[in-house]
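Take a look at the letters that make up each chain.
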There are 2 protein chains.
Amino acid sequence: MDENTQIAGTQEKESIVYIGKKPAMNYVLAVVTQFNSGVPTVTIKARGNAISRAVDVKEIVINKFLPNVKERGITTSSEELTNEDGTRSKVSAIQIVLSK
Amino acid sequence: MDENTQIAGTQEKESIVYIGKKPAMNYVLAVVTQFNSGVPTVTIKARGNAISRAVDVKEIVINKFLPNVKERGITTSSEELTNEDGTRSKVSAIQIVLSK
């Protein structure tokens with residue numbers, strides 16, 4: 001999992017905010033900043049244990065900062081990762097699409 | 001969060017499986033057992049850190065055990081809890097509806 005607050009596709013019609021291990025408020029700020037810069041759709045993505053934080057981020061963004069933002073859908077999936085020792089393991093992922 | 005694998009509404013049309021702190025496979029077994037006993041709709045519910053495990057349970061049930069089960073919707077919410085010292089704090093929750 002990345003340690004930085006990554007934002008892909010800035011200045012486009014759709015942004016993706018990847019949730020990592022930092023406090024939820026870091027990612028909330030990233031999402032709010034995207035919407036305030038005019039991006040109409042922001043997707044929150046997380047894997048593994050960060051999934052809980054992704055839900056926190058969505059709830060805080062809508063309930064505290066941007067009540068006019070709507071959830072457009074939540075999807076989950078299972079991704080296969082290759083470990084350092086070459087073995088493969090599965091990890092769950094979530095994708096939450098928000099738009100104004 | 002409860003320490004038991006709680007199953008509410010057994011023998012009815014809809015069952016709820018609450019995800020706690022036990023390994024995901026315990027809850028996978030609970031969901032599969034419900035479907036195999038004839039219940040058509042099983043709802044997986046979790047709060048806080050257990051949300052990630054709820055997604056794991058859903059992915060394992062569908063990908064490994066019951067490929068004919070479909071996801072009917074994922075909703076998230078924010079619940080307010082009263083702590084032991086009387087203060088109140090918010091916790092995110094997820095609800096995943098599966099049916100045959």
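**Student:** What exactly am I supposed to notice about the interface of chain A and chain B here?
**Tutor:** By a widespread convention, an interface's size corresponds to the accessible area lost as its parts come together. Listed per partner, the contact involves 18 residues of chain A and 18 residues of chain B. For the pair chain A and chain B, the two sides together bury roughly 1300 Å², of which 53% comes from carbon and sulfur. Together, Ser52, Ile74 and Thr76 of chain A form the three largest contributors to the area buried by chain A at its contact with chain B, with a combined 35%. Seen at the junction of chain A and chain B, the total is zero salt bridges. Applying the counting rule to chain A against chain B returns 15 residue pairs in polar contact (both at pLDDT 80 or more).

**Student:** Looking at this structure, I do not really get the confidence of the model for chain A. What am I missing?
**Tutor:** Caution applies to low-pLDDT parts of the model: their predicted coordinates are not meant to be read in detail. For chain A, per-residue confidence averages 90 on the pLDDT scale, and 88% of positions sit at 70 or higher. This prediction of the complex comes with two scores: 0.85 for pTM and 0.83 for ipTM.

**Student:** Quick question: what am I supposed to make of the environment of Gly48 of chain B here?
**Tutor:** Position of Gly48 of chain B among the secondary structure elements: in the loop between strand 3 (41–47) and helix 2 (50–65). On the basis of relative accessibility, which here comes to 16%, the residue Gly48 of chain B falls in the buried class. Each C-alpha atom of the pair Gly48 of chain B and Ile94 of chain B lies 8.7 Å from the other, and the pair is 46 residues apart in sequence. Discounting chain neighbours no more than four positions away, the residues touching Gly48 of chain B are Ser52 of chain A together with Val91 and Ser92 of chain B.

**Student:** What's the story with the relation of the copies chain A and chain B in this structure? I'm lost.
**Tutor:** To go from the first copy of the chain to the second, apply a rotation about an axis and then a shift along the same axis. The two copies are related by a screw operation: chain A maps onto chain B through 180 degrees of rotation and 0.0 Å of translation along the axis, at an RMSD of 0.0 Å. Between the two chains, the operation in question is that of a two-fold axis. For chain A, the residue whose C-alpha comes nearest the rotation axis is Ser52 of chain A, separated from it by 2.7 Å. Interface residue correspondence from chain A to chain B reaches 100%, placing this contact among same-surface, isologous pairings.

**Student:** Would you mind showing me how to read the pattern of salt bridges here?
**Tutor:** Working definition: two side chains of opposite charge can pair if their charged atoms are close together. Residues and elements named next belong to chain A. Summed over the entire model, instances satisfying the criterion amount to eight salt bridges over all chains. A salt bridge links Glu59 to Lys58, with the shortest nitrogen-to-oxygen separation between them at 3.5 Å. Given a relative accessible area of 7%, Glu59 falls into the buried group. Ionic pairing is found between Lys58 and Glu71, a salt bridge with its closest N-O pair at 2.6 Å. With Lys58 in helix 2 (residues 50–65) and Glu71 in strand 4 (residues 70–82), this pair connects stretches of sequence that are 13 residues apart.

Calculation criteria
Residues numbered from 1 in each chain as written. Chains lettered and ligands numbered in written order. Predicted model: local features only at pLDDT ≥ 70, side-chain atom pairs only at ≥ 80, totals over all residues. Heavy atoms only, no water. Contact = heavy atoms within 4.5 Å. Buried area = accessible area lost by both parts, 1.4 Å probe. Salt bridge = Lys/Arg side-chain N within 4 Å of Asp/Glu carboxyl O. Polar contact = N/O pair within 3.5 Å; in protein donor to acceptor, adjacent residues only side chain to side chain. pLDDT = per-residue confidence, 0-100. Helix = DSSP H or I, 4+ residues; strand = E, 2+ residues; numbered from the N terminus. Buried < 20%, exposed > 50% of the residue type's maximum accessible area, 1.4 Å probe, protein only. Least-squares fit on C-alpha atoms with pLDDT ≥ 70 in both.

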